[in-house]
Each structure stands twice: as structure tokens, then as C-alpha cells.
Amino acid sequence: MANSIVVGPALPHIPWEPKPSGCQDVVWRSERNPIIPRDLIPSSNSIFNSAVVPFEGAFAGVFRCDDKRRHMQIHSGRSADGVTWEIANDPIQFVCDIPEVAPFEYGYDPRVCFIEDRYYVTWCNGYHGPTIGLAYTHDFEVFQQLENAYLPFNRNGVLFPRRIRGKYAMLSRPSDNGHTPFGDIFYSESPDLTHWGCHRHVMGTVGGWQSTKIGAGPVPIETTEGWLLIYHGVLTSCNGFVYSAGAALLDLDEPWKVLHRTAPYILSPQAVYECVGDTPNVAFPCAALCDADTGRLAIYYGGADTVTCLAFAYVDELVAFTKANSMA
Ligand code: BMA
């Protein structure tokens, strides 16, 4: 697919597998799934809900590795091809000049976003309950931790890859201290990545697969049709939560305005590695690599809170699908 609607750099070397013939879906799974097994490193119980970015002609990432004590940690990793990863056996030791923020309680569900000249990491950070931790790195070796973005309780903090209206911008999901049975996506902006305000409601729960709570997934992708947001939605079944993914298009200048939003899911836990694991029935996207020249998209998601998986789509097809199947 040439002349894609994506605004961004060409990334011809992202992982890619063509759509299987006969596939009716807008998103399809990698035949190599799960690409990261739960025990890739000796310390890990599970490696999932992780974020990757292009880095120095290859790829780097920040990975959720719950250890064998079942403590939630985040680790850095590198890959030549985006599929086979080397992950540090030890968690990231953040450099932090703020004594109140520095003690590490727990960290999970990282996102990584390149803005201007560095890679920012956001994650769910334990500080008297979950909130959004923030750090930056230039090299995936030294990570400088900044102030937490919000008061507890909050999860799924996802930065936009450029300033909007002159400000840094973030989506997040205010929540509670437990396995939150509610949750809408909000937008906030900041002049300096420390002070966050001008909070706006973006979207809430609606029936079916997104009826209990929703949360932003990968860093939004800029297109000529709006910001393409892949997000997770949760249904409460008689066997517990079911985590699926959908897509939305947000206004480029005022991203709290939802232009379109999929009524059907685009990915739901159906493969065995999504249905069976430490938490069954979870497909949880946290990152996407996009080649602007072709619109090819590689989506990284956690399977069953246990392994890391890859799925593929064409942005142009996904945007057309979002419009054609929109509830907004
Ligand atoms: C959420 C987060 C995710 C996890 C999901 C399903 O609240 O903790 O990390 O994938 O639950 O257990």
C-alpha cells in the first residue's frame, strides 16, 4: 500500500508478515507468537504489556517483567529485528534527583514515546497506589526519572509523540487502588512534563467488549485523518475481565474530540496464548511500530498477562475500518 495517510518517518525494517489469504480481519496475528516467552530471562515469571520503539537503526524497548517473587518490574531490551529480543536480567535502576519519588515500589505496563530529542517512558508506578511514572532516556541504559504525572490513582498514561497546542499531551485513565471496575480515558497537557492540567474527558465505556473500563494502548499514530488510537476495553464476564482492543480517531488539534470509534473490537483474546496464562483472556496492546511509507503497522501486545505477542495491520485499512464501523 503506497502513499499512506500516516504522518511520520519511514521504517521499512519493522517486523512484518502479510495478511494470511482468506483472513477477513483488519488485524492479524504473527505466526511467530508469542514472540517473547515468559521465561526469556532467568528472573522472569512473565514478560508482557511491553513497549518498543525504533532505535539506532534497530529497536529498543521497555518490558514488563514480573519476577519470580511476582514483583512487577520494568527492564530495558534491544533487538535487531523487533522480533527476537535481548532483555536485561536486572530491572531498570532509575536515576532520580527527587527523594520523595525515588523509592521504587513497583512498575508495570510501560509505554515509550520519542518526543523531540529523547525517549520518554511512562508506566504505572507505585506511589501510595498506582499513578503514572515518567522518565526519559537517550540510550536505554540511563533512565532519568521525573515527577509522577498525577496523584494516585491512575493507570495507562500514554504520551502523544509531539506537542499539541504548544504543550506536551498525555492520555490517562483515573482508577482506584485495585482491579478497577470502571474507567474512562482523559486528556491532560503540560508545559514542562511536570505540571499537568487542562484535563479533558475523551471517551467512556460503552456496551459489549468495552463496557467495564477502557485505557489507551500504544502511543497515538498521527494520520491525515486524525490521531489513530488503539485502546483496550474490558468486558466483565462470569469468569472475570476480558481485555480486547479497539481503535479510535481523535481530532488532531483537540484530541479529546473523538471523531470515530470502533463498535466491534479489532483484536480479542482468542488464540491460546491470549486465553491461557496467569490472567486468562487478555490481549493488551502497549506499542506499535509504523512505516509511514507503506502504512504497515506492527502492534505489540501482552497475552494473558504472561507473554508478548505481535499483530499486524495497515493503518489506512484500520482507519477506514474505524470510520466504517464507528459508533461516534
Ligand atoms: C490491568 C493491568 C494490566 C493487566 C490487566 C489484566 O489492570 O494490571 O497490566 O494486563 O489488568 O490483568
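These remarks concern the structure in this document. Values in this document were obtained by computation on a predicted structure and should not be read as measured data.

Our next topic: the pattern of salt bridges. Going through the model one piece at a time under the given rule, you end up with 17 salt bridges. In this structure, Arg 64 and Asp 66 form a salt bridge, with 2.9 Å as the shortest nitrogen-oxygen distance. Its relative accessible area of 4% is what places Asp 66 among the buried residues. The partner of Arg 64 in a salt bridge is Asp 109, with the nearest N and O atoms 2.9 Å apart.

Further remarks concern helix H2 (residues 315-324). Among the residues of H2, those classed as buried are Val 315, Asp 316, Leu 318, Val 319 and Thr 322. An end-on view of H2 places all buried positions within 165° of arc, on one side of the element.

This next bit is on the site of the ligand. In the vicinity of the ligand, the residues found are Asn 49, Arg 64, Tyr 108, Asp 109, Tyr 243, Thr 279, Val 282, Phe 284 and Asp 305. Within the contact set of the ligand, an oxygen atom lies 2.7 Å away from a side-chain nitrogen or oxygen of Arg 64. Between Asp 305 and the ligand, the recorded distance is 2.5 Å, taken from a side-chain N or O atom to an oxygen atom. Residue classes in the shell around the ligand are distributed as 4 nonpolar, 2 polar and 3 charged.

Tracing the chain through its elements places Pro 152 in the loop between strand E10 (143-145) and strand E11 (154-159). For Pro 152 and Arg 70, which are 82 residues apart along the polypeptide, the C-alpha to C-alpha distance reads 22 Å. Those residues in contact with Pro 152, other than ones at most four positions away along the chain, are Tyr 127, His 128, Gly 129, Pro 130 and Thr 131.

Our focus in this paragraph is the sheet that holds strand E2 (residues 44-55). Ordered by their spatial adjacency, 4 strands build an open sheet running E2-E3-E4-E5, and the pairing between neighbours is antiparallel. Looking at strand neighbours, the two that pair on one side only are E2 and strand E5 (86-87), the edges of this open sheet. Bridge count for E2 against strand E3 (residues 58-67) is 9 bridges, and the pairing is antiparallel. Bridge pairing links Ile 47 to Cys 65 in E3.

Turning to its location among the elements, Ser 50 is positioned in strand E2. In terms of polar contacts, Ser 50 uses its side chain to reach the backbone carbonyl oxygen of Phe 48, at 2.7 Å. Polar side-chain contacts of Ser 50 include one of 3.0 Å to the backbone nitrogen of Arg 64. Apart from residues lying up to four places away in sequence, Ser 50 is in contact with Val 62, Phe 63, Arg 64, Pro 110, Cys 286, Ala 287, Tyr 300 and Thr 308.

An order of E11-E12-E13-E14 is seen for the 4 strands of this open sheet, with the pairing classed as antiparallel. For this open sheet the edge positions go to E11 and strand E14 (197-203), each flanked by a neighbour on one side alone. Taking the axes of each pair of neighbouring strands and ignoring which way they run, one obtains an average angle of 30° across the sheet. When strand E12 (residues 168-174) meets strand E13 (residues 185-190), the two strands line up antiparallel, connected through 5 bridges. Note on E13: the bridge partner recorded for Tyr 168 is Ser 190.

Another point: the environment of Tyr 231. Structurally, Tyr 231 is set in strand E17 (residues 226-237). According to the relative accessible area criterion, Tyr 231 is buried, its value standing at 0%. Spatially, the C-alpha atom of Tyr 231 lies 6.1 Å from that of Ala 247, the residues being 16 residues apart in sequence. A polar side-chain atom of Tyr 231 sits 3.1 Å from a polar atom in the side chain of Arg 261.

This brings us to the packing of aromatic side chains. In this structure the tally under the stated criterion is 22 aromatic pairs. Aromatic pair Phe 63 and Trp 85: ring centres 5.0 Å apart, planes at 65°, arrangement edge-to-face. Here Phe 63, found in strand E3, pairs with Trp 85, found in the loop between strand E4 (72-79) and E5; they are 22 residues apart in sequence, far enough to count as distant. Ring centres of Phe 160 and Tyr 187 lie 5.8 Å apart, and the angle between their planes is 70°; this geometry places the pair in the edge-to-face category. With Phe 160 in the loop between E11 and E12 and Tyr 187 in strand E13, the pair connects residues that are 27 residues apart, well separated along the chain. A relative accessible area of 0% means that Tyr 187 is categorised as buried. The rings of Phe 55, Phe 94, Phe 114, Tyr 119, Trp 123, Phe 140 and Phe 143 are connected pair by pair, giving a single aromatic cluster. Against the face of Tyr 168 rests Arg 163, its NZ or CZ located 4.2 Å from the ring centre. Directly above the ring of Trp 256 sits Arg 200, whose terminal nitrogen or CZ lies 5.4 Å from the centroid.

Reading the values: the criteria
Residues numbered from 1 in each chain as written. Predicted model: local features only at pLDDT ≥ 70, side-chain atom pairs only at ≥ 80, totals over all residues. Heavy atoms only, no water. Salt bridge = Lys/Arg side-chain N within 4 Å of Asp/Glu carboxyl O. Buried < 20%, exposed > 50% of the residue type's maximum accessible area, 1.4 Å probe, protein only. Helix = DSSP H or I, 4+ residues; strand = E, 2+ residues; numbered from the N terminus. Arc of directions from axis to C-beta. Near = heavy atom within 4 Å. Polar contact = N/O pair within 3.5 Å; in protein donor to acceptor, adjacent residues only side chain to side chain. Nonpolar A, V, L, I, M, F, W, Y, C, P; charged D, E, K, R; others polar. Contact = heavy atoms within 4.5 Å. Pairing = 2+ DSSP bridges. Axes fitted to C-alpha atoms, helices over the stretch in contact; angles between N-to-C directions. Phe/Tyr/Trp six-rings, centres within 6.5 Å; stacked < 30°, edge-to-face > 60°. Lys NZ or Arg CZ within 6 Å of the ring centre and 35° of its normal.

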